[in-house]
Amino acid sequence: MAVTRGPAHGAGGEHPPGVPVEALAALGRSWQWMLGSAVVTFVPGVIVLVWPEATLHVLAVLVGLYLLATGAFRFVGVFGREDQGERLPGLLLAVLFVLAGVLSLRNPLQTVAALSLIVGVVWLVSGMLTLFTAVAARDLPHRGVVLGAAVLAVVAGVVVLAMPAESARALTRLLGLWLVLLGLVEAAVALGRRAALQKSGLTGPAHRPTGAG
């Protein structure tokens, strides 16, 4: 999940105003971008839960699109990280999600075991990197929520890798439950950040918060 610091007036002197990098940084730090990432996570989870009869091909396409979209959100979020030490884990996660998404979409006839392997590795690695970022980042708001989500991702990845789903239906249920849960957690963090910004009076168009995507 995205990890973003609390509101502050960032040190934006590295890039002159109007440079695309600065615009991406402002976007990646915004609560709206975090909420968008939550929606991208939540909606596929609902779809696969209400449509458990989906074929393996449909499931692979849904998983692939989710991974690609999440990778894009995380990539933009990297620009919003002020601490250079926190950018590498974010960039690695973005690349991991994009590669996993390409693998899911590349072979529509893949087996349940192959799709389970892709999902399990993504959950495990993303959970470990998020856990590292949450522990290492200073002044991180909602640290407990982020840590909880990271631990859940690690556990979900271990479960999928240790006990591969025997059917597309079983994988669908596990995937759907996790995506819905993670989407709700990300939405809670995004809305909590919005509340913090409103309390600080930094919700105007000129606001440039400092964050860690």
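Scoring rules and cut-offs
- Residues numbered from 1 in each chain as written.
- Predicted model: local features only at pLDDT ≥ 70, side-chain atom pairs only at ≥ 80, totals over all residues.
- Heavy atoms only, no water.
- Helix = DSSP H or I, 4+ residues; strand = E, 2+ residues; numbered from the N terminus.
- Contact = heavy atoms within 4.5 Å.
- Areas by Shrake-Rupley, 256 points an atom, 1.4 Å probe, with all protein chains shown as cover.
- Expected span 1.5 Å × (residues − 1).
- Buried < 20%, exposed > 50% of the residue type's maximum accessible area, 1.4 Å probe, protein only.
- Arc of directions from axis to C-beta.
- Phe/Tyr/Trp six-rings, centres within 6.5 Å; stacked < 30°, edge-to-face > 60°.
- Axes fitted to C-alpha atoms, helices over the stretch in contact; angles between N-to-C directions.
- Parallel < 35°, antiparallel > 145°, perpendicular 65-115°, else oblique.
- Left-handed = near helix turned anticlockwise from the far one by under 90°.
- Nonpolar A, V, L, I, M, F, W, Y, C, P; charged D, E, K, R; others polar.
- Patch = residues over 30% accessible without salt bridge, like charges linked within 9 Å, V, L, I, M, F, W, Y side chains within 5 Å.
- Salt bridge = Lys/Arg side-chain N within 4 Å of Asp/Glu carboxyl O.
- Core = buried A, V, L, I, M, F, W, Y, C linked by side-chain atoms within 4.5 Å.

1. Structural notes on the overall build of the chain
So, step 1. When helices and strands are counted, the chain shows 7 helices and 0 strands.
So, step 2. Its helices and strands taken in sequence order, the chain reads α-α-α-α-α-α-α from the N to the C terminus.
So, step 3. For the chain, contacts bridging at least 24 residues in sequence account for 82% of all contacts bridging at least 6.
So, step 4. Only carbon and sulfur atoms are counted for the fraction: they give 73% of the accessible area of the chain, which is about 10000 Å².

2. Structural notes on helix α6 (residues 143-162)
So, step 1. With 20 residues, α6 should cover 28 Å at 1.5 Å per step; its first-to-last C-alpha distance of 28 Å lies within 8% of that length.
So, step 2. What α6 keeps buried is the set V146, A149, A150, A153, A156, G157 and V160. Here the buried residues of α6 occupy an arc of 125° about the axis, which is enough to place them on one side. Exposed and oriented more than 90 degrees from the buried face of α6 are G144 and A162.

3. Some remarks on the packing of aromatic side chains
So, step 1. Overall, the coordinates contain 3 aromatic pairs when judged by the stated rule.
So, step 2. On the numbers, 4.4 Å between centres and 40° between planes, the contact of W33 with F73 is tilted. Of this pair, W33 sits in helix α2 (residues 31-50) while F73 sits in helix α3 (residues 56-79), placing them 40 residues apart in sequence.
So, step 3. With a relative accessible area of 16%, F73 lands in the buried category.
So, step 4. When the ring of Y66 is compared with that of F97, the centres are 6.4 Å apart and the planes differ by 85°; the resulting orientation is edge-to-face. Residue Y66 is located in helix α3, and its partner F97 is located in helix α4 (residues 84-106); the two are separated by 31 residues in the primary sequence.
So, step 5. In this structure Y66 comes out as buried when scored by relative accessible area, which is 6%.

4. What about the packing of α3 against helix α5 (residues 112-136)?
Two quantities define a packed helix pair, namely the angle between the helix axes and the distance between the axes.
So, step 1. At their nearest, the axes of α3 and α5 sit 11 Å apart, and the two run at 20° to each other. Classified by the angle between their axes, α3 and α5 sit roughly parallel to one another. Like other packed secondary-structure pairs, α3 and α5 cross with a definite hand, here left-handed. Each of L56, L59, A60, V63 and L67 in α3 lies in contact with α5, whose residues at this interface are V112, L115, I118, V119 and V122.
So, step 2. The class makeup of the residues in the contact of α3 with α5 is 10 nonpolar, no polar and no charged.

5. Considerations on a nonpolar patch on the surface
So, step 1. Judged by side-chain polarity, V39, F42, V43, V46, I47, L49, V50, W51, L177 and L184 come together as a nonpolar surface patch covering roughly 830 Å² of accessible area.
So, step 2. When contributions to the nonpolar patch are tallied by element, the ones reaching two or more residues are α2 and α7 (168-200).
So, step 3. With 7 residues, the single largest contributor to the nonpolar patch is α2.
So, step 4. Position of L184 among the secondary structure elements: in helix α7.
So, step 5. Residue classification places L184 among the partly exposed residues on the basis of a relative accessible area of 49%.

6. Thoughts on the nonpolar core
So, step 1. Ranked by internal contacts, the top residues of the largest apolar core, which has 28 residues, are L59, V63, L67, L115, W123 and L175.
So, step 2. For this core, the secondary structure elements donating two or more residues are α3, α4, α5, α6 and α7.
So, step 3. With 7 residues, α5 is the largest single contributor of residues to this core.

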